[in-house]
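Each chain, letter by letter, is given below.
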Amino acid sequence: MKTFFYLEGAYLILAGIVLFITLFVTTRPFMSKNAPKKGLSGVLLVLAVMIGAHYYITTSRMTEVKGAFEQNRSILCESRMQRKVSQVVHIKKENGWRLKGDNFVSPYYERPFFIARCIVE
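This one's a predicted model, so the numbers in the text were calculated from it and none came from an experiment.

Moving on: the packing of aromatic side chains. If you walk through the whole model with that rule in mind, you get seven aromatic pairs. Judged by centre distance (5.1 Å) and plane angle (75°), the rings of Phe4 and Tyr55 are edge-to-face. On the criterion of sequence distance, the pair formed by Phe4 in helix 1 (residues 2-26) and Tyr55 in helix 2 (residues 35-70) is long-range, its members being 51 residues apart. Considering the side-chain rings of Tyr6 and Phe114, the 5.2 Å spacing of their centres and the 80° angle between planes classify their relative orientation as edge-to-face. In this pair, Tyr6 sits in helix 1 while Phe114 sits in strand 5 (residues 113-114), placing the two residues 108 residues apart along the sequence. By the ring-pair criterion, three or more aromatic residues cluster together here, those being Phe4, Phe5 and Tyr55. The ring of Phe24 carries the charged tip of Arg28 above its face, separated from the ring centre by 4.1 Å.

In structure tokens:
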């Protein structure tokens, strides 16, 4: 559950804002009496499907990356430290990388790389 809130926290906050806007619009005098119920249920359903699909896709990719790392395959991770040079870091177990929780860490890099932002090469 902690991973869900970590990965989807921002989207849950945005979904709350969208639901609040939907509630505000559907309660205006020019809307029908059933508009809040229909509007909120429709928007909530769409948001729940979208957030659920994003979580499923992200966790599936994380599992794939973990498995590939254990098989010593090359992993590509986004690097936000240096924007002018290469924006991708190649991670391999044989190059001194290790998996600590959901992060790749190396003695040669000062910051860890979260596996949700990585793909298998």
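After that view of the structure, there is still more to cover.
The three strands are arranged 2-1-6 in an open sheet whose pairing can be described as antiparallel. Sheet topology places strand 2 (88-91) and strand 6 (118-120) at the edges, where each strand pairs with a single neighbour. Strand after strand, the sheet turns through a mean of 25° between neighbouring axes, direction not considered. Here strand 1 (residues 75-78) runs beside strand 6; their pairing, made up of three bridges, is antiparallel.

Residue placement: Thr26 occurs in helix 1. Among the polar contacts listed, one links the side chain of Thr26 to the backbone oxygen of Thr22, at a separation of 2.8 Å. One polar contact links the side chain of Thr26 to the main-chain carbonyl oxygen of Leu23, over a distance of 3.3 Å. With near-sequence residues (within four places) excluded, Thr26 lies in contact with Met31, Ser32, Ala35, Pro36 and Gly39.

For the protein chain, per-residue confidence averages 88 on the pLDDT scale, and 94% of positions sit at 70 or higher. Mean pLDDT in the protein chain bottoms out at strand 2, which sits at 85, and peaks at helix 2, which reaches 92.

Next up on the list: the side chain of Thr22. Checked against the element boundaries, Thr22 lands in helix 1. By relative accessible area, Thr22 is classed as buried at 12%. The residues contacting Thr22, other than those within four sequence positions of it, are Gly39, Leu40 and Val43.

A few words now on the pattern of salt bridges. Per the stated rule, a full pass over the model turns up three salt bridges. Note that Asp102 and Lys66 form a salt bridge whose closest N and O atoms lie 3.0 Å from each other. On the criterion of sequence distance, the pair formed by Asp102 in the loop between strand 3 (98-100) and strand 4 (103-105) and Lys66 in helix 2 is long-range, its members being 36 residues apart. A residue is classified by how much of its surface remains accessible, and Lys66, at 31% relative accessible area, is partly exposed. Lys93 serves as the salt-bridge partner of Glu70, at 2.8 Å between the closest nitrogen and oxygen. Of this pair, Glu70 sits in helix 2 while Lys93 sits in the loop between strand 2 and strand 3, and the two are 23 residues apart along the sequence.

Conventions and cut-offs
- Residues numbered from 1 in each chain as written.
- Predicted model: local features only at pLDDT ≥ 70, side-chain atom pairs only at ≥ 80, totals over all residues.
- Heavy atoms only, no water.
- Phe/Tyr/Trp six-rings, centres within 6.5 Å; stacked < 30°, edge-to-face > 60°.
- Helix = DSSP H or I, 4+ residues; strand = E, 2+ residues; numbered from the N terminus.
- Lys NZ or Arg CZ within 6 Å of the ring centre and 35° of its normal.
- Pairing = 2+ DSSP bridges.
- Axes fitted to C-alpha atoms, helices over the stretch in contact; angles between N-to-C directions.
- Polar contact = N/O pair within 3.5 Å; in protein donor to acceptor, adjacent residues only side chain to side chain.
- Contact = heavy atoms within 4.5 Å.
- pLDDT = per-residue confidence, 0-100.
- Buried < 20%, exposed > 50% of the residue type's maximum accessible area, 1.4 Å probe, protein only.
- Salt bridge = Lys/Arg side-chain N within 4 Å of Asp/Glu carboxyl O.

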